[in-house]
Amino acid sequence: QVQLVESGGGLVRTGGSLRLSCAASGSIFSDSTMGWYRQAPGKQRELVARIFSGDTTNYQAQVKGRFTISKDNAKNTVYLQMNNLKPEDTAVYYCYARTLGDLMYWGQGTQVTVSS
């Protein structure tokens, strides 16, 4: 059974930083694409960043240069370092994993709130 457990959300002021973590159980980590989506109130869920099994990364344009996604294969954990946070980054952030078989798994979500 696959589980994704997120941590690291919270309240921060504009310009501050947070690091989100997502620990994956099960045997999917090394072969899966891992990433983060976010959903703000009244908006659709959107892809923030992802890292492929070969360590290639993609970022949404709004976060490029401010956010960094990385992973530690030994710990089965993916991270999202968020710097220079803005109020528009406020959302619930969801970790996900997409397996080679195109199965999707989701974490429970962690709230990030950026005050102005």
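A few points on the structure. Keep in mind that what you see is a predicted model, and the values were worked out from it rather than measured.

**Observations concerning the nonpolar core**
- Of all hydrophobic cores here, the largest spans 28 residues; its most connected members are Met34, Trp36, Leu80, Met82 and Tyr93.
- Those elements that place two or more of their residues in this core are strand 3 (18–24), strand 4 (33–39), strand 5 (46–51), strand 7 (67–72), strand 8 (77–82), strand 9 (91–98) and strand 11 (110–115).
- The residues contacting Met82, other than those within four sequence positions of it, are Gly16, Ser17, Leu18, Leu20, Arg66, Phe67, Tyr93 and Val112.

**Quick look at the state of the cysteines**
- Tallied over the full model, the rule gives one disulfide.
- With its sulfur 2.0 Å from that of its partner, Cys22 forms a disulfide with Cys95. Of note, the bridge from Cys22 to Cys95 carries an S-S torsion of about -75 degrees and is left-handed in sense. Note that Cys22 is positioned in strand 3 and Cys95 in strand 9, a separation of 73 residues in sequence.
- Here Cys22 falls in the buried class, since its relative accessible area comes to 0%.
- What makes Cys95 buried here is its relative accessible area of 0%.

**Structural notes on the pairing of strand 3**
- Of all seven residues in strand 3, five are buried; the element is thus mostly enclosed.
- Summarising the sheet, strand 3 and strand 8 pair through six bridges and their orientation is antiparallel. Bridge pairing links Ser21 to Tyr79 in strand 8.

**Examining the layout of surface pockets**
- When its volume is computed, the largest pocket comes out at roughly 160 Å³.
- Lining the largest pocket are Arg38, Gln39, Ala40, Lys43, Gln44, Glu46, Gln62, Glu88, Thr90 and Ala91.
- Here the lining of the largest pocket is built from residues that sort into two nonpolar, four polar and four charged.

**Structural notes on the packing of aromatic side chains**
- This structure, assessed with the given rule, holds three aromatic pairs.
- Seen from their ring centres, Tyr96 and Trp106 are 5.7 Å apart, and the 40 degrees between their planes marks the pair as tilted. Separated by ten residues along the polypeptide, Tyr96 in strand 9 and Trp106 in strand 10 (residues 104–106) bring together distant segments of the chain.
- Classification of Trp106 by relative accessible area gives partly exposed; the value is 36%.
- Sitting over the face of the ring of Tyr94, Arg45 holds its NZ or CZ atom 3.8 Å from the ring centroid.
- Between Arg45 and the ring centre of Trp106, over which it is positioned, the NZ or CZ distance is 4.7 Å.

Criteria and thresholds
- Residues numbered from 1 in each chain as written.
- Predicted model: local features only at pLDDT ≥ 70, side-chain atom pairs only at ≥ 80, totals over all residues.
- Heavy atoms only, no water.
- Core = buried A, V, L, I, M, F, W, Y, C linked by side-chain atoms within 4.5 Å.
- Buried < 20%, exposed > 50% of the residue type's maximum accessible area, 1.4 Å probe, protein only.
- Helix = DSSP H or I, 4+ residues; strand = E, 2+ residues; numbered from the N terminus.
- Contact = heavy atoms within 4.5 Å.
- Disulfide = S-S within 2.5 Å.
- Pairing = 2+ DSSP bridges.
- 1 Å grid on protein atoms, 1.4 Å probe; cavity = no way out; pocket = protein on both sides within 12 Å on 5 of 7 lines; lining within 4 Å.
- Points joined across faces, edges and corners; volume = space filled by probe spheres on them.
- Nonpolar A, V, L, I, M, F, W, Y, C, P; charged D, E, K, R; others polar.
- Phe/Tyr/Trp six-rings, centres within 6.5 Å; stacked < 30°, edge-to-face > 60°.
- Lys NZ or Arg CZ within 6 Å of the ring centre and 35° of its normal.

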